[in-house]
Structure formats: C-alpha cells, structure tokens
Amino acid sequence: MYKADLPVDESALQAVERRRAAEAERKNRIFSTRSRVIGVDLRALHKQREEKQEQLEMEKQRDMAHDLLRLSLDEMSMQQKKEEEELRRELSQDLVQYRAIHQRAEDSRDADINNYSRQVAPDASIPVSDSALGPASMQVFLGEGINENEKKRAQMEMNERNLRAQKEEREKQEKEQKNRELLTGRELVEKDLRAVQLNALEQECKRAAHIALSHYNQAQAEERMEKEQQERLRREGEELAEVQYMVTSDLLTERPQAAKRESESSAEGPRVLTDRWKGMTPQQIGEIHRKREEQCLEKERLREMERQRDVAWDYHLTEQARQQDREENRDKELQRERRIQLDKYNQQLAREQQAHQHYLDKQLYTNRPAVHYFTQFSTSSR
C-alpha cells in the first residue's frame, strides 16, 4: 500500500497563528515600559475628547448657519429671478401691444403693394376646369378665402376706429392735463398773492409791536432812572447822618468813661465793650506779663519731668535688651551642646550600620544569583 497525500487543515494553522499574534500583542502591551511606568493620562484623554466634541459641535453649528444662509440666498435669487421674469413678461406684452397699435403692417409704405398682390394672386391662376384637375391639383380648399376682402376691410375700419378713439382719448387727456395745469398755476398765483398779503400784514404787526416795545422800554428806563435818583438821594442822606453820628459819638471822642459806665450799669457784671474799648491799662498789661512768666516756668517744669521719665524708660529698655541678649547667648550655647551630642550619636549609628552592612555583604549574602536566574522571569504573559 502507498501513503496517500492528505490535504493539510488550514483552519488549525490559522488558529495557531492568531493565538501567537494575540500573545505577541499582549506581551508588547504588558511589558511596555511606557504603559507600565508612566501609565495613561485619563484627564488629558477626557480633555481631548471634550475638545473634539466642542469642535464637532462648532462645525455642526457652522454648517447649519451656512445652510440657513444658502437657503436665504436661494430664496432671494429665486425671488429676484421671478421679478425679472415678471418684468420681462410685462415688457414683452407692452412691446407686442405697441407693435399692434403703432407698427401695423397696414400702416407701412408697401402695405398697398402687399394687399394688391394678395388681392390679385387668386385671379392670376391659370383658368383650368375642376374636372381636369386631380385631388393633388386643388387651388382652393373648403372654408379658405371666403369673404377675405370683407374681413380685411372690416378689420381696417375697426383699427381706424380704435386709432380715432385713442387719438380722441389722448387729446382729451391732454386737454384735461392743460386744464389741471391752468388750475394749478392759478392756485399757485393765488397762494403767492395770499403769501404776499400775509407777509405785509406780518411786517405791519411786527412794526407795531416794535413801536409798542420801544415805548414800553422808554417808560421802563424813565421809571428806573427815577428810582435810581431817589435811591441815590436816600443813600446820601443816610451817609450824611452816619457821618454826623460818628463825629459826635463816644467812639471818636475816645472817652473811656462811656465803656466803664456801661460795664458798671450792666446786669451781667463787668465786661469789655469792643466798640468803645480803647486799650488796656498798665496794671492789666503787668498782670498779663506775670501770668505769661508763670506759664513759662510751669512748662519748663513739665519738660524736665518728661525728660527724666524718658531717661528712666531708656534705662529700662537697655536693661531689658541686655537681659534678652544674655538669654539668647545661653540658648545658643545649649543648642550647640545638643548638636555636638547629636553628631556623636549619629556617628555611632553610622558605624553600627556600616558594621551590619559589612556583615550582610561579607558573611550572610555570599551566594549571589547569576544572569541565568533572571531569564526565567517575564517570559510569558500568563
């Protein structure tokens, strides 16, 4: 018997390859230094997602605004196009109507020639009997050319009547326009005459008001001058009376008895009348100098007491500062001694730690692992 070549199962090989690729991808993801040490910045990812959403929302709003603007522009263009078509249609209708009224074929120079050829053409045909002609040689069909001349004549008469009516209507409109213009001109002339009359009346009223105002101002000026003269006379009389009173009063005569007499007769006791007081007596001046000297001596005594108090306070502050310096020096000395003791204790601890480390390195941990020991770790993702 011979060995048969059986087909290889490709699905099993593909499954193995998929598992190997998934294992390699998982190893790369698990053993990645960046992902294991640094990790993923979730806050930055959330911020990026929010910025992306905001950008998409802004683009969406901008697209909506552009769509609305495009719709409005389309509506405006359609409306404008519709208006243009309506205007074009109206212009076309007006042109057709103008041609039908003012550019008719009957009013042209060669209208009589064309009418003559159309009138003569039927008679210029060759006189042949209808029995000798076939269906394809018919000259006149049923319903064609019947009463054509009467129709044209009636149409010409109708056009003449329309033109005559339009002419009469236009003459009537021109006459009405002239009448309206005459009436308007007459109204304008009447308005101008009325305005001139009103202006003359206004000028006359202004002139009368100006004359009345001038008379009133003149009367007011005369009255004001009279009042000023009376006020001046009254003021002059008062000034003369005041001068006479001042000349004869006790103020200019300098009589101290008047002020003294008023002070003695007053119910409030002795007081100084400023309008009649002529100065202090020598006794009063001497009393003032004595009071001033007493005040100077009192002030000097108070100044000396203040100086002694300041000297005592300065001495107290100096003693307090010296005591504080002595306490600070004592604290510094104590701190220096504590620092020396702490340094000695740290040195002792360092020596003990070095001895312990030497014991660990030289006596306890003597069997160190080789490179082959570390290769057995992190070989699989499971």
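An unreviewed UniProt entry annotates the chain as RIB43A-like with coiled-coils protein 1 of Onychostoma macrolepis. According to the UniProt record, the Sequence similarities (unreviewed entry) comment for the chain is "Belongs to the RIB43A family." According to UniProt, the comment filed for the chain under the heading Subunit (unreviewed entry) is "Microtubule inner protein component of sperm flagellar doublet microtubules."

(A) Layout of the overall build of the chain. Of the regular secondary structure elements, the chain holds nine helices and zero strands. If you list the helices and strands of the chain from N to C, you get α-α-α-α-α-α-α-α-α. Counting the 382 residues in the chain, one finds 3% classified as buried. In the chain, 58% of the contacts between residues at least 6 apart in sequence involve partners at least 24 apart. Of the accessible surface of the chain, which amounts to about 36,500 Å², a share of 54% is contributed by carbon and sulfur atoms.

(B) A look at the pattern of salt bridges. Under the defined criterion, the tally for this structure stands at 16 salt bridges. Ionic pairing is found between Arg 307 and Glu 304, a salt bridge with its closest N-O pair at 2.2 Å. One end of the pair, Arg 307, and the other, Glu 304, are both in helix H8 (residues 282-364), three residues apart, so they sit about a helical turn from each other. Arg 307 gets classed as partly exposed once you look at its relative accessible area, which sits at 46%. Given a relative accessible area of 31%, Glu 304 falls into the partly exposed group.

(C) Geometry of a nonpolar patch on the surface. A cluster of nonpolar side chains, Leu 69, Leu 73 and Met 76, forms an exposed patch at the surface whose accessible area comes to about 310 Å². Note on placement: Leu 69 falls in helix H3 (residues 42-102). By relative accessible area, which is 47% here, Leu 69 ends up partly exposed.

(D) Main features of a negative patch on the surface. A cluster of acidic residues, Asp 325, Glu 327, Glu 328 and Asp 331, forms a negative patch at the surface. Relative to the helices and strands, Glu 328 is located in helix H8. Overall, Glu 328 belongs to the partly exposed group, its relative accessible area being 38%.

What counts and what doesn't
- Residues numbered from 1 in each chain as written.
- Predicted model: local features only at pLDDT ≥ 70, side-chain atom pairs only at ≥ 80, totals over all residues.
- Heavy atoms only, no water.
- UniProt positions renumbered as here; feature names shortened; annotations may be inferred.
- Helix = DSSP H or I, 4+ residues; strand = E, 2+ residues; numbered from the N terminus.
- Buried < 20%, exposed > 50% of the residue type's maximum accessible area, 1.4 Å probe, protein only.
- Contact = heavy atoms within 4.5 Å.
- Areas by Shrake-Rupley, 256 points an atom, 1.4 Å probe, with all protein chains shown as cover.
- Salt bridge = Lys/Arg side-chain N within 4 Å of Asp/Glu carboxyl O.
- Patch = residues over 30% accessible without salt bridge, like charges linked within 9 Å, V, L, I, M, F, W, Y side chains within 5 Å.
- Lys, Arg positive; Asp, Glu negative; His and termini not counted.
- Charge placed at Lys NZ, Arg CZ, Asp CG, Glu CD.

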